[in-house]
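Coordinate inspection notes
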Amino acid sequence: MTMPDRLIDRFGRVHNNLRISVTDRCNIRCVYCMPENVEFLPKTSLLSFEEIAQFVRASTRVGINKIRLTGGEPLVRRNLPVLVEQLANIPGIKDVGLTTNGILLAPMAQALWDAGLRRINISLDTLDADRFLELTRRTGLEQVIEGILAAKAAGFDPVKINAVAIKGVTEPDVVPLGEFCRKHGLELRFIEYMPLDAGNLWERDKVLYAHEILDLLTQGIGPLAPAADHDPKAPALDYDYVDGGGRVGMIASVSRPFCMSCNRVRLTADGKLRNCLFALDETDVRTLIRAGASDDELVRALCESVAAKWEGHEINTARFIKPERLMHSIGG
Ligand code: SAM
Ligand code: SF4
């Protein structure tokens, strides 16, 4: 097989974006992501920083240039800034981002910035302490807010806030989150609830759709218009407040899947390559790495995984099969 210089699949999609889960562990237990009682991977199953860096170095040969670290909760992985620095220094890597629940962020924000992290998304579904407890089964709202403010102070701009939208649960949170983000200059993005949860709680009727969120924001805060500089490849549909008060994104994964512009592949904490959030098959990269695979062999595995990528998820069809892996062990 001659090695291509880009990761292009059967549908012409070019993949440059690698999402790396660094742990399946988490310090909270969001109901839409994780079961209350969960058995975590043994530490020896996790790819080491060196193994992750080896894979990333190889993947730059076929055009991977954007990395996002996720989890579980990535900040529970010890010495994460060390990994950030290793990855940010790999020739060909243009930027390294992080998705975090923010609880451990305040004391680490500056170290992450100094290590070369430049993009940060912090997940926060509610500003109400009782609903935070209901959704995450833990306390920690104040630490998340401190983490958000620390990220701003460290220089991250924009700081993006991710909120999962669940019908019958998070409607009262939409406007307060909108106001909070306008006040602090944060970019708010709502994510439609997806069927990757632990307790099989997902039902179509529980998805709070992007258009419903837009209505709530329009009524509660003011009119929004589609952003003029919207990037069609980005998963979020961006809207700007007409009064200039900021931006809101809608990740309408259920009502408006963005599969045809997907440019992502995923590496799980235990070294499995997934070509889709909803993939049913995985490629075992850890075994290859631990058997001493060359960069060529790793690139070949990556190319084969992307070549096998399907057209898109089938949440909206009767054919949909929920993957066995839960969100916390895929990485979102
Ligand atoms: N622990 C980190 C966090 O929460 O930001 C990173 C991992 S988390 C799995 C990544 C993102 O997936 C978070 O923004 C989270 O809210 C989102 N998420 C988790 N389960 C989801 C679901 N069932 N539907 C939609 N988004 C979900
Ligand atoms: Fe943890 Fe993130 Fe999953 Fe919540 S969404 S349980 S913070 S991994």
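In this report, the structure presented in the accompanying data block is examined.

What follows is about the pattern of salt bridges. Going through the model one piece at a time under the given rule, you end up with 15 salt bridges. Between Glu51 and Arg290 there is a salt bridge, with the nearest N and O atoms lying 2.9 Å from each other. With a gap of 239 residues between them, Glu51 in helix 1 (residues 49-59) and Arg290 in helix 8 (residues 285-290) connect regions that are remote in the sequence. Among the residues examined, Arg290 registers a relative accessible area of 42% and is labelled partly exposed. Note that Arg119 and Asp95 form a salt bridge whose closest N and O atoms lie 2.0 Å from each other. Taken as a pair, Arg119 in strand 6 (residues 119-123) and Asp95 in strand 5 (residues 95-100) lie far apart in primary sequence, 24 residues in all. Overall, Arg119 belongs to the partly exposed group, its relative accessible area being 24%. The structure contains a network of salt bridges with shared partners spanning Asp229, Asp238, Asp240 and Arg247.

In this section: the site of ligand 1. Around ligand 1, the structure places 18 residues, and the nearest of them are Tyr32, Gly72, Glu73, Ser123 and Met194. At 2.5 Å, a side-chain N or O of Ser123 approaches an oxygen atom of ligand 1. Met194 has a polar backbone atom sitting 2.9 Å from a nitrogen atom of ligand 1. Look at ligand 1: alone it shows 540 Å² of surface, and the protein chains cover 95% of it. Of all the secondary structure elements, the ones that give two or more residues to the shell around ligand 1 are strand 5, strand 7 (159-165) and strand 8 (187-192). Across the shell around ligand 1, the residue classes tally to seven nonpolar, nine polar and two charged.

Looking along the chain, the bond that leaves Asp157 and enters Pro158 is cis, with omega of 5 degrees. Tracing the sequence through the fold places Pro158 in the loop between helix 5 (141-154) and strand 7. Its identity is not glycine, yet Asn79 carries a phi of approximately 60 degrees, on the positive side. Here Asn79 lies in the loop between strand 4 (66-70) and helix 2 (80-88). On the basis of relative accessibility, which here comes to 49%, the residue Asn79 falls in the partly exposed class.

Here we come to the site of ligand 2. Lining the immediate environment of ligand 2, one finds Cys26, Ile28, Cys30, Cys33, Met34, Gly72 and Asn101. Split by residue class, the shell around ligand 2 holds five nonpolar, two polar and no charged.

On to helix 6 (residues 171-184), then. Look at helix 6: 21 Å from first C-alpha to last across 14 residues, which is about the 20 Å you get at 1.5 Å a residue. Turning to helix 6, its buried residues are Asp173, Val174, Val175, Leu177, Gly178, Phe180 and Cys181. In this fold, the buried residues of helix 6 make contact with helix 4 (129-136), helix 5, strand 7, strand 8, helix 7 (210-220) and strand 10 (237-241). Where helix 6 terminates, the next one or two residues include Gly185, which has phi positive at roughly 65 degrees.

What follows covers the packing of aromatic side chains. The tally for this structure, following the rule as stated, stands at one aromatic pair. Note on Trp113 and Phe156: the rings are 5.1 Å apart at their centroids and 90 degrees apart in plane angle, and the pair reads as edge-to-face. Pair noted here: Trp113 is in helix 3 (residues 109-115) and Phe156 is in the loop between helix 5 and strand 7, with a separation of 43 residues, a long-range link. Classification of Trp113 by relative accessible area gives partly exposed; the value is 22%. The buried category is assigned to Phe156, whose relative accessible area is 2%. Here the basic side chain of Arg118 rests over the ring of Trp113, its NZ or CZ set 3.7 Å away from the ring centre.

A few words now on the pairing of strand 10. The element strand 10 is largely enclosed, with a buried count of four among its five residues. Sheet topology note: the strand 9 (residues 224-226)/strand 10 ladder contains three bridges and is antiparallel. Among the inter-strand pairings, Ala225 is bridged to a residue of strand 10, identified as Asp240. Judged from the four bridges that link them, strand 10 and strand 11 (residues 247-251) form a sheet pairing that is antiparallel. The residue of strand 11 that forms the bridge with Leu237 is Met250. The hairpin turn running from strand 10 into strand 11, its antiparallel successor, is five residues long, and Gly244 in that turn takes a positive phi close to 80 degrees.

Reading the values: the criteria
- Residues numbered from 1 in each chain as written.
- Chains lettered and ligands numbered in written order.
- Predicted model: local features only at pLDDT ≥ 70, side-chain atom pairs only at ≥ 80, totals over all residues.
- Heavy atoms only, no water.
- Salt bridge = Lys/Arg side-chain N within 4 Å of Asp/Glu carboxyl O.
- Helix = DSSP H or I, 4+ residues; strand = E, 2+ residues; numbered from the N terminus.
- Buried < 20%, exposed > 50% of the residue type's maximum accessible area, 1.4 Å probe, protein only.
- Near = heavy atom within 4 Å.
- Polar contact = N/O pair within 3.5 Å; in protein donor to acceptor, adjacent residues only side chain to side chain.
- Areas by Shrake-Rupley, 256 points an atom, 1.4 Å probe, with all protein chains shown as cover.
- Nonpolar A, V, L, I, M, F, W, Y, C, P; charged D, E, K, R; others polar.
- Expected span 1.5 Å × (residues − 1).
- Contact = heavy atoms within 4.5 Å.
- Phe/Tyr/Trp six-rings, centres within 6.5 Å; stacked < 30°, edge-to-face > 60°.
- Lys NZ or Arg CZ within 6 Å of the ring centre and 35° of its normal.
- Pairing = 2+ DSSP bridges.

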